[in-house]
Amino acid sequence: MKKKLAAFALFLGMLAGCASSTSGPGAGAAEGIVKGNAVHVSNQAKAVFQQMDIHVTATSTKNSGNQRQITGKYGDSDVTVTVENAQGATSNVKVDASKNVFNGNQSLAQEILLRIVEQA
C-alpha cells in the first residue's frame, strides 16, 4: 500500500509538470501529455471509460488516424476525450467533462486524465 501511495505521489508530481487545466466559466477540462501514440492512448481512454462505467456514445478518427476522439455519458455529464499524436512517442490528451455549456465538471475531467495516464 505504501508503494502505491508513493508511486501515486510521484505520478502526481510528474503530472503537475505536464498537465494543465482550463479556467473560466463552465471550465471542465484537463489536458496533458501521455506516453504512447494516439491509437494506444485512445485504447487506454476506452479502458478507463469501461472501468468508470462511462457509456460511449461516439468515436471518431481524423487526420489519417493522428487524432482520435471518444465521447460518452457519465451520469448527467458529457465526457469527451481527444487524443492527438505529439512529438516522439507521446500524445496530447484533452478531457472535457460538463453538464452543460456553463457547468463544467473539472474534477471528473482530471480524474479521467489521471486514470488514462495510470494506464500508460
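The model shown is predicted, which means the values in this text are computed figures rather than measured ones. (Residues numbered from 1 in each chain as written. Predicted model: local features only at pLDDT ≥ 70, side-chain atom pairs only at ≥ 80, totals over all residues. Heavy atoms only, no water.)

### Examining the overall build of the protein chain
Okay, step 1: Counting secondary structure elements, the protein chain contains three helices and seven strands.
Okay, step 2: Scanning the protein chain from its N terminus toward the C terminus, one meets helices and strands in the order α-β-β-α-β-β-β-β-β-α.
Okay, step 3: Within the protein chain, the proportion of its 120 residues that are buried is 32%.
Okay, step 4: Taking as baseline every contact in the protein chain between residues at least 6 positions apart, the subset at least 24 positions apart corresponds to 50%.
Okay, step 5: Total accessible area computed for the protein chain in this model is approximately 7,000 Å², and 52% of it derives from carbon and sulfur atoms. (Helix = DSSP H or I, 4+ residues; strand = E, 2+ residues; numbered from the N terminus. Buried < 20%, exposed > 50% of the residue type's maximum accessible area, 1.4 Å probe, protein only. Contact = heavy atoms within 4.5 Å. Areas by Shrake-Rupley, 256 points an atom, 1.4 Å probe, with all protein chains shown as cover.)

### A short note on the pattern of salt bridges
Okay, step 1: Using the criterion set out here, one finds two salt bridges in the structure.
Okay, step 2: Glu111 is the salt-bridge partner of Arg115, the closest N and O atoms lying 3.1 Å from each other. Within this pair, Arg115 and its partner Glu111 are both found in helix 3 (residues 106–119), separated by four residues, close to a single helical turn. (Salt bridge = Lys/Arg side-chain N within 4 Å of Asp/Glu carboxyl O.)

### So, the nonpolar core
Okay, step 1: Ranked by size, the top nonpolar core spans 22 residues in total, and within it Val79, Val81, Val93, Val95, Ile112 and Ile116 carry the most contacts.
Okay, step 2: If you list the elements that add at least two residues to this core, you get strand 2 (29–35), helix 2 (38–51), strand 5 (77–85), strand 6 (90–100) and helix 3.
Okay, step 3: Top contributing element to this core by residue count: helix 3, with six residues.
Okay, step 4: When residues no more than four places from it in sequence are discounted, the contact partners of Val93 are Ala30, Glu31, Gly32, Val34, Val41, Val81, Thr82, Val83, Leu113 and Ile116. (Core = buried A, V, L, I, M, F, W, Y, C linked by side-chain atoms within 4.5 Å.)

### So, unusual backbone geometry
Okay, step 1: In this model, Asn63 sits at a positive phi of 55°, which is unusual for a non-glycine residue.
Okay, step 2: Positionally, Asn63 belongs in the loop between strand 3 (55–62) and strand 4 (67–74).
Okay, step 3: With a phi close to 55°, Ser64 is a non-glycine residue in the positive phi region.
Okay, step 4: Note on placement: Ser64 falls in the loop between strand 3 and strand 4.

### Description of the confidence of the model for the protein chain
Do not read the fine detail of predicted coordinates wherever pLDDT is low.
Okay, step 1: Per-residue confidence for the protein chain gives a mean pLDDT of 83; residues scoring 70 or more make up 78%.
Okay, step 2: For the protein chain, the element scoring lowest by mean pLDDT is strand 1 (residues 20–21), at 40; strand 4 scores highest, at 97.
Okay, step 3: The low-confidence segment residues 1–26 (pLDDT under 50) makes 28 contacts with residues lying over four places distant or belonging to another chain. (pLDDT = per-residue confidence, 0-100.)

### Section: the packing of helix 2 against helix 3
Okay, step 1: Between helix 2 and helix 3, the shortest axis-to-axis distance is 9 Å and the interhelical angle comes to 120°. Taken together, helix 2 and helix 3 sit at an angle that is classed as oblique. The crossing of helix 2 and helix 3 is right-handed. On helix 3, the residues touching Val41, Gln44, Ala45, Ala47, Val48 and Gln51 of helix 2 are Ile112, Arg115, Ile116 and Gln119. (Axes fitted to C-alpha atoms, helices over the stretch in contact; angles between N-to-C directions. Parallel < 35°, antiparallel > 145°, perpendicular 65-115°, else oblique. Left-handed = near helix turned anticlockwise from the far one by under 90°.)

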